[in-house]
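As a plain string of letters, each chain reads:
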Amino acid sequence: MPAPDLRPCPPPSPAVPRGRSAVLCGLAGWVPPRVVTNEELSRRLDTSDAWIRTRTGIGRRHFAEAGQATSDLAVEAGRRALDCAGGIAADAVVVATTTPDRSCPATAPVVAARLGLTGAAAFDVSAVCTGFVYGLASAAGLIAAGVAERVLLIGADTYSTIVDPGDRANAIIFGDGAGAVVLRAGHPDEPGAVGHFDLGSDGAGEELIMVAAGGSRQRSTPGDVSPQDHHFSMRGKEVYRHAVTRMADSASAALALADCKADDIDHFVPHQANQRILRSVAESLGLPPERCVSNVESVGNTGAASIPLALADAAARHAFKPGERVLLTAFGGGLTWGSCLLNWPVLPRVSHPHSQ
Ligand code: COA
């Protein structure tokens, strides 16, 4: 069936509604203790530390233990973020993930219950590696609309559960982890205020990043699918090209909405896909490399956890000052992309994501 001919939307308004805005007041990250080095992967795959470092900038990643699910990581990060926010409760919990505990129900309600937040609104956001930015927009919308006062947003993924350990192209890239932020109702001009946003998608690229089976298109019934169809697949070269242009265009669109130039940005925090991608995006925005935050060497690509983990890593090193302008940009399967501006908040001590 051809796509219907629809009237176009008006362009997004640069005016953020006055009065009520989402303000970041808690941040944390957590990675499971098991470290998987490039050397360890090289012992069982036809690859090398030199190849992985040159092509991706990744040196190691963390894997969940057998039996450890995405919610287990999400609870660790969520608890630390609520602590960082002063031990407050949230009335909504959003979990961005590509690796939910189960395809039904969502992971967020069980995370909320385990954090003592039974009764809170709780749902998952599925936008692959763009999930955290989509989740941030959803959380900001809940607050701006007066539906929630405080939202706990967690990006959590256990890619080790869906990547074929024998697939050298993908096994070297992905790691497991979780990052979380607490957002409260506040004013658009105060440190910590979140916005403007640019979000987008192109479903014509569905097959570039996918897990073929397990959904309604290709079910899990034995005989209908091969075990391989349950594994994550990615067309790396094409994804690389899309990632660079989509992240650069989306970041530029968010800057334009905020009437800012790249030079006004103190810190650029892109989705930690691959060091070469980060460098190319920063270059095409005209940002010097020192303003581009990267922790991809130590955690790899952690999907929806990648941006909050990079933020928590930077905050633990006191790399950002309150009031500085931070630009977040992500790209992922779908295809999806999104960017957001953030005024850095006054935060109490943020523990390092690697501390157990
Ligand atoms: N170790 C050694 N060799 C490898 C390898 C590995 N882990 N993975 C692939 N190769 C080989 C290929 O088989 C190929 O060999 P051939 O030339 O004999 O066919 C060669 O290296 C080049 O492969 P290619 O896929 O062209 O490499 P690349 O330079 O595109 O790098 C990626 C591969 C996956 C690192 C790169 O495409 C990439 O980073 N893509 C984006 C991935 C990403 O960040 N996705 C997340 C976005 S949200």
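Refer to the structure presented above.
Treat the numbers as computed from the prediction; the structure is a model and nothing was measured.

> Describe the packing of aromatic side chains, naming the residues involved and giving the relevant values.
Per the stated rule, a full pass over the model turns up four aromatic pairs. Each ring, one from Tyr-159 and one from Phe-174, has its centre 4.5 Å from the other, and the planes form 20°; the classification is stacked. Here Tyr-159, found in the loop between strand 6 (150–158) and helix 6 (168–171), pairs with Phe-174, found in the loop between helix 6 and strand 7 (176–186); they are 15 residues apart in sequence, far enough to count as distant. Residue classification places Tyr-159 among the buried positions, given a relative accessible area of 1%. Residue classification places Phe-174 among the buried residues on the basis of a relative accessible area of 5%. Seen from their ring centres, Tyr-159 and Phe-232 are 5.5 Å apart, and the 90° between their planes marks the pair as edge-to-face. Of this pair, Tyr-159 sits in the loop between strand 6 and helix 6 while Phe-232 sits in strand 10 (residues 232–234), placing them 73 residues apart in sequence.

> Give me the lowdown on the side chain of Asn-38, citing residues and values where you can.
On the secondary structure map, Asn-38 appears in helix 1 (residues 38–44). For Asn-38, a relative accessible area of 0% corresponds to the buried category. Setting aside residues up to four positions removed in sequence, Asn-38 forms contacts with Asp-49, Ile-52, Arg-53, Ile-58, Gly-59, Arg-60 and Arg-61.

> With reference to specific residues and values, describe the environment of Arg-168.
Tracing the backbone shows Arg-168 in helix 6. In sequence terms Arg-168 and Ala-144 are 24 residues apart; their C-alpha atoms lie 44 Å from each other. Look past the residues within four positions of Arg-168 in its chain and what remains in contact with it is Leu-45 and Asp-46. A polar side-chain atom of Arg-168 sits 2.8 Å from the main-chain carbonyl oxygen of Asp-46.

> Describe the side chain of Thr-302, listing the residues and the values that go with them.
Along the chain, Thr-302 falls in the loop between helix 9 (296–299) and helix 10 (306–316). A polar atom in the side chain of Thr-302 sits 3.2 Å from the backbone nitrogen of Ser-306. Contacts of Thr-302, omitting those with residues within four sequence positions, involve Asp-157, Tyr-159, Gly-175, Asp-176, Gly-177 and Leu-309.

> So, the pattern of salt bridges: which residues are in play, and what are the values?
Applying the stated criterion to the full structure yields 13 salt bridges. Its salt-bridge partner being Asp-49, residue Arg-53 comes within 3.0 Å of it at the nearest N-O pair. With Arg-53 and Asp-49 both in helix 2 (residues 49–56) and four residues apart, this pair spans about one turn of that helix. Assessed through its relative accessible area of 36%, Arg-53 is described here as partly exposed. Its salt-bridge partner being Glu-324, residue Lys-321 comes within 4.0 Å of it at the nearest N-O pair. What emerges from the salt-bridge pattern is a single network uniting Asp-49, Arg-53, Arg-60 and Glu-297.

Each value, and the rule that gives it
Residues numbered from 1 in each chain as written. Predicted model: local features only at pLDDT ≥ 70, side-chain atom pairs only at ≥ 80, totals over all residues. Heavy atoms only, no water. Phe/Tyr/Trp six-rings, centres within 6.5 Å; stacked < 30°, edge-to-face > 60°. Helix = DSSP H or I, 4+ residues; strand = E, 2+ residues; numbered from the N terminus. Buried < 20%, exposed > 50% of the residue type's maximum accessible area, 1.4 Å probe, protein only. Contact = heavy atoms within 4.5 Å. Polar contact = N/O pair within 3.5 Å; in protein donor to acceptor, adjacent residues only side chain to side chain. Salt bridge = Lys/Arg side-chain N within 4 Å of Asp/Glu carboxyl O.

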